[in-house]
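Survey of secondary and tertiary structure
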Amino acid sequence: MSSHNNSSSANDPRQPSAAKPYVAQMVSQQDLPVDYSGFIAVVFGVAGVMFRYKLSSWLAIIFCAQSLANMRNLENDLKQISMAMMFAIMGLVTNYMGPPRPGSQK
């Protein structure tokens, strides 16, 4: 089996001396992809406040955490995440501590 390894390494066309390390290209702030999780967090947060959906507010919190973990542009993304988090927290506060919905039985 050792003779097989020697013959395969002798016939290997790759050249380790010609290998170059990968260097990522710089991308401008305008060319970054859209943060969909941040946008979805804002939509769910607003729906949680406007329609008083508990699930929507909890989903907004989850998408805020995902957007925070994948943040690329600190200034713009932090504004969007903070706005979505405020809507989500307002929705949770109004759902759990606010007056009951009209027509709901508790």
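Below, the structure is looked at part by part. (Residues numbered from 1 in each chain as written. Predicted model: local features only at pLDDT ≥ 70, side-chain atom pairs only at ≥ 80, totals over all residues. Heavy atoms only, no water.)

Here's the deal with the layout of surface pockets
- Of the pockets and cavities examined, the largest pocket occupies roughly 240 Å³.
- If you go around the largest pocket, the residues you meet are Gln29, Leu32, Pro33, Val34, Asp35, Tyr36, Asn70, Arg72, Asn73, Asn76, Asp77 and Gln80.
- For the lining of the largest pocket, the leading source of residues is helix α4 (residues 74-97), giving three residues.
- Classifying every residue of the lining of the largest pocket by side-chain character gives four nonpolar, five polar and three charged. (1 Å grid on protein atoms, 1.4 Å probe; cavity = no way out; pocket = protein on both sides within 12 Å on 5 of 7 lines; lining within 4 Å. Points joined across faces, edges and corners; volume = space filled by probe spheres on them. Helix = DSSP H or I, 4+ residues; strand = E, 2+ residues; numbered from the N terminus. Nonpolar A, V, L, I, M, F, W, Y, C, P; charged D, E, K, R; others polar.)

Remarks on the packing of helix α2 (residues 36-51) against α4
- Contact geometry of α2 with α4 gives a least axis separation of 8 Å together with a crossing angle of 25°. Relative to α4, α2 is oriented roughly parallel. Here α2 runs over α4; the crossing is left-handed. Along its contact with α2, which presents Gly38, Phe39, Ala41, Val42, Gly45, Val46, Gly48 and Val49, the element α4 presents Gln80, Met83, Ala84, Phe87, Ala88, Met90, Gly91 and Asn95.
- Considered class by class, the residues forming the contact of α2 with α4 number ten nonpolar, six polar and no charged. (Axes fitted to C-alpha atoms, helices over the stretch in contact; angles between N-to-C directions. Parallel < 35°, antiparallel > 145°, perpendicular 65-115°, else oblique. Left-handed = near helix turned anticlockwise from the far one by under 90°. Contact = heavy atoms within 4.5 Å.)

Examining helix α3 (residues 54-69)
- For α3, spanning 16 residues, the distance from its first C-alpha to its last is 23 Å, which sits close to the expected 22 Å at 1.5 Å a residue.
- Of the positions making up α3, those classed as buried are Ser56, Ser57, Ala60, Cys64 and Ser67. Buried residues along α3 cover an arc of 95° about the axis, so they all sit on one side. Opposite its buried face, α3 presents the exposed residues Leu55, Ile62 and Ala69, each directed more than 90 degrees away.
- Each element contacted by the buried residues of α3 is listed here: α2 and α4. (Expected span 1.5 Å × (residues − 1). Buried < 20%, exposed > 50% of the residue type's maximum accessible area, 1.4 Å probe, protein only. Arc of directions from axis to C-beta.)

Some thoughts on α4
- For α4, with 24 residues, the first-to-last C-alpha span of 33 Å sits near the 34 Å given by 1.5 Å per residue.
- Taken together, the buried positions of α4 are occupied by Asp77, Ile81, Ala84, Ala88, Gly91, Leu92 and Asn95.
- Looking at the buried positions of α4, the neighbouring elements they touch are α2 and α3.

Thoughts on the packing of aromatic side chains
- Scanning all chains against the criterion turns up two aromatic pairs.
- With a centroid separation of 5.8 Å and 20° between ring planes, the pair formed by Phe44 and Phe63 is classed as stacked. With Phe44 in helix α2 and Phe63 in helix α3, the pair connects residues that are 19 residues apart, well separated along the chain.
- Judged by its relative accessible area of 27%, Phe44 falls in the partly exposed class.
- Taken together, a centroid distance of 5.8 Å and an interplanar angle of 40° make the contact between Phe51 and Tyr53 tilted.
- For Tyr53, a relative accessible area of 45% translates into the label partly exposed. (Phe/Tyr/Trp six-rings, centres within 6.5 Å; stacked < 30°, edge-to-face > 60°.)

By themselves, these are just geometric observations and shouldn't be taken as functional.
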